[in-house]
Amino acid sequence: MPIINFANPIAVITGVVLFLLVLYLGRETKKAWVVGLLLFAFLGVLIGHTIEFATIAKDNQVIYQAVTKSATYDLIFIFISFLSYLWIDDMEAKAGKKKSIDNSLEWFWNKV
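Below: a short report on this structure.

About the thresholds
- Residues numbered from 1 in each chain as written.
- Predicted model: local features only at pLDDT ≥ 70, side-chain atom pairs only at ≥ 80, totals over all residues.
- Heavy atoms only, no water.
- Helix = DSSP H or I, 4+ residues; strand = E, 2+ residues; numbered from the N terminus.
- Buried < 20%, exposed > 50% of the residue type's maximum accessible area, 1.4 Å probe, protein only.
- Contact = heavy atoms within 4.5 Å.
- Polar contact = N/O pair within 3.5 Å; in protein donor to acceptor, adjacent residues only side chain to side chain.
- Core = buried A, V, L, I, M, F, W, Y, C linked by side-chain atoms within 4.5 Å.
- Phe/Tyr/Trp six-rings, centres within 6.5 Å; stacked < 30°, edge-to-face > 60°.
- Salt bridge = Lys/Arg side-chain N within 4 Å of Asp/Glu carboxyl O.

A word on the side chain of S84. When you line up the elements, S84 lands in helix α3 (residues 61–95). Its relative accessible area of 9% is what places S84 among the buried residues. With sequence-adjacent residues up to four places away left out, S84 is seen in contact with F19, L23 and V35.

Structure, rendered in structure tokens:
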């Protein structure tokens, strides 16, 4: 079985709670690096699941399915962490009265 098994619903709930707590901390402190650390943590977990997939998942179908499901959840967490990083970075730039290089989230709600 994977080290962090997102095929288990308790692990998914723990990941969501951890994400929400870190997002709240990043929003309150207006520091994007807090959410950036979480983003890199999820990238590290994905790398670990990839190594597990390449080494032991081909031996057993149950492990194969668990690692595949865990990697899918990793990608979802990476996506929402990246969007959260952009959001907190925009808040940090506005709070510090810094000019943002680009308005990264403007494309998300820009009317076409």
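Attention now goes to the side chain of N5. With respect to the element layout, N5 can be found in the segment before α1 (9–29). There is a polar contact of 3.0 Å between the side chain of N5 and the backbone nitrogen of A7. Beyond its immediate stretch of four places on either side in the chain, N5 contacts A11, A66 and S70.

On to the nonpolar core. Ranked by internal contacts, the top residues of the largest apolar core, which has 17 residues, are F6, L38, F42, I78 and I88. Sorting the residues of this core by element identifies α1, α2 (32–55) and α3 as the ones contributing at least two each. Here this core takes 8 residues from α2, the largest share from any one element.

What follows concerns unusual backbone geometry. Phi at K30 takes a positive value of approximately 55°, unusual for a residue other than glycine. Examined against the element boundaries, K30 turns out to sit in the loop between α1 and α2. According to the relative accessible area criterion, K30 is partly exposed, its value standing at 34%.

Our next topic: the environment of A7. Topologically, A7 is positioned in the segment before α1. Between the C-alpha atoms of A7 and Y73, which are 66 residues apart in sequence, the distance is 8.6 Å. In contact with A7, other than residues within four places in its own chain, are A66, K69 and S70.

Within this structure, the stated rule accounts for 4 aromatic pairs. Ring plane angle 5° and centroid distance 4.7 Å describe the contact between F42 and F77, whose orientation is recorded as stacked. Placement of F42 in helix α2 and of F77 in helix α3 is noted, with a sequence separation of 35 residues between them.

A word on the pattern of salt bridges. Counted according to the given criterion, the structure contains 2 salt bridges. In this structure, E28 engages R27 in a salt bridge whose closest nitrogen and oxygen atoms are separated by 3.5 Å. Residue R27 is classed as partly exposed on the basis of its relative accessible area, which comes to 35%. With a closest N to O distance of 3.3 Å, D90 and K94 form a salt bridge. Residue D90 and its partner K94 are both found in helix α3; the two are separated by 4 residues, about one turn of the helix. Classification of D90 as buried rests on a relative accessible area of 18%. Here K94 falls in the exposed class, since its relative accessible area comes to 61%.

Everything listed is a geometric property; what it means functionally is a separate question.
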